[in-house]
Every structure is written in structure tokens, then in C-alpha cells.
Amino acid sequence: MRRLLLAAALCLALAAPAAAAPPVAGLLVPGRSLGGLELGATRAQVERAWGRAYGLCTGCARETWYFNYFAFQPKGAGVEIRSGRTAAIFTLYSPAAWHTAGGLTLGATVEQVRTAFPGLARRECSGYYALVRASPQALTSFYILDEKLWAFGLSRRGVTLCR
């Protein structure tokens, strides 16, 4: 009987899905999604996709969740929540392997960003800037630091781009 219970427990453990976490290789679909999340996702949908291992920003004007790959290390992704739904989704500290379907990756040069997405508007932030593509539903941001693509962002219109 004991062996049967151990075998059943082992089968359940192997069959259980892995804990949710922000994707290691997140995809940006401009105007639509980032890391598998869409704007307007509920808190429950965010937790199902990326898990519950997030920190709350204490200095942010709006409810903001940070999902870091390792405790006390800032790389990962974040979401800003307004009225119970995501209003912004963004990467943190240039996590490796985040990309667009066209192959643009974090760390690309400004020229590569502008070639992949012509006509981007520039918005100044403190110490960096954003190259922004507007669509009717969202703003897609390419954050530039030291003339390199540092982060991706997707936000509703009216949400602060500078973080």
C-alpha cells in the first residue's frame, strides 16, 4: 500500500505543471502583447501566466507588480494595474532573449530598432528615452539607454511611458 501511495504521489508530481513565471524568452507583438500577456488582462490572468512570485512597487503612483527571475536581482518584467486590469507591461533591466517576431532583441542598436520599426516618435525620460509606435489600442515602447535597446513596453494610451 505504501509503495502504491508513493507511486501515485510521484505520478502527480511529474504530471503537475511547472510553476508560472515570466517567460525567459518573451515575445513582443507590437500593439498587442508582451511576454504572452495582453493589455487588459486581469490580476488572475497575470498570476496564471507569470505566477504569484512578484513584488509590489512601493514608490509607484499606480499598482505595479515586478516579476524578477531571481530574488533581489532586478531582471525580469512588470505590469501596471489600473481598475483591476493591466494598463502597462514592460521588461526590467534588459533580460536576455526577449524579442520581436522579426528578430529584434534587447541590446540591439538604435539603428536596428529604427530599421525594424520606421517612423517611431521619440519621448524623453530621465536618463534614457523611448521610441514609441502608436496604434489605436496601445503604445509600443522601445526604451533606449546608451544608444542600445534596453527594454520593451506596451501600454494603454494615457499611461506614463517613463518608468
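Heads up: these notes are all about the structure in this document. (Residues numbered from 1 in each chain as written. Predicted model: local features only at pLDDT ≥ 70, side-chain atom pairs only at ≥ 80, totals over all residues. Heavy atoms only, no water.)

Quick look at the state of the cysteines now. Per the stated rule, a full pass over the model turns up 2 disulfides. A disulfide bridge connects Cys125 with Cys162, and the sulfur atoms are separated by 2.0 Å. Here the disulfide of Cys125 and Cys162 is left-handed, its torsion about the S-S bond being about -80 degrees. With a gap of 37 residues between them, Cys125 in the loop between strand E9 (121–124) and strand E10 (129–134) and Cys162 in the segment after strand E12 (148–155) connect regions that are remote in the sequence. When its relative accessible area of 12% is taken as the criterion, Cys125 is described as buried. What makes Cys162 partly exposed here is its relative accessible area of 31%. Described in terms of the sequence order of its bonded cysteines, the disulfide pattern of the protein chain is 1-2, 3-4. (Disulfide = S-S within 2.5 Å. Helix = DSSP H or I, 4+ residues; strand = E, 2+ residues; numbered from the N terminus. Buried < 20%, exposed > 50% of the residue type's maximum accessible area, 1.4 Å probe, protein only.)

A complete count under the given rule lists 9 aromatic pairs for this structure. Both rings, one in Phe142 and one in Phe152, keep their centres 6.0 Å apart while their planes meet at 80 degrees; by these two values the pair is edge-to-face. With Phe142 in strand E11 (residues 139–145) and Phe152 in strand E12, this pair connects stretches of sequence that are 10 residues apart. As far as the burial class goes, Phe142 and Phe152 line up, both buried. Within the aromatic cluster, the residues linked to one another by ring pairs are Trp50, Tyr54, Trp65 and Phe67. Geometry around Tyr129 places Arg122 over its ring, the cationic atom sitting 3.5 Å from the centre. (Phe/Tyr/Trp six-rings, centres within 6.5 Å; stacked < 30°, edge-to-face > 60°. Lys NZ or Arg CZ within 6 Å of the ring centre and 35° of its normal.)

We now examine the sheet that holds strand E2 (residues 33–34). Across the sheet, which stays open at both edges, the 4 strands sit in the order E3-E2-E1-E8 with mixed pairing between neighbours. What marks the edges here is a single partner per strand, and that holds for strand E3 (37–38) and strand E8 (99–100). (Pairing = 2+ DSSP bridges.)

The next thing to look at is the pattern of salt bridges. Close approach of charged atoms allows side chains with opposite charge to pair. If you walk through the whole model with that rule in mind, you get 5 salt bridges. Among the ionic pairs, Glu80 bridges to Arg163, the shortest N-O distance being 3.1 Å. Placement of Glu80 in strand E6 (residues 73–82) and of Arg163 in the segment after E12 is noted, with a sequence separation of 83 residues between them. Judged by relative accessible area, which is 5%, Glu80 ranks as buried. Given the relative accessible area of 41%, Arg163 is considered partly exposed. Within the structure, one salt-bridge network assembled from shared partners comprises Glu80, Arg82 and Arg163. (Salt bridge = Lys/Arg side-chain N within 4 Å of Asp/Glu carboxyl O.)

So, about the environment of Ala130. As for its placement among the helices and strands, Ala130 is situated in strand E10. On a C-alpha basis, the gap between Ala130 and Cys162 in space is 7.8 Å, while along the polypeptide they are 32 residues apart. Residue contacts for Ala130: discarding those within four places in its chain leaves Ala121, Arg122, Arg123, Ser141, Phe142 and Tyr143. (Contact = heavy atoms within 4.5 Å.)

That's the geometry; what it means functionally is another story.
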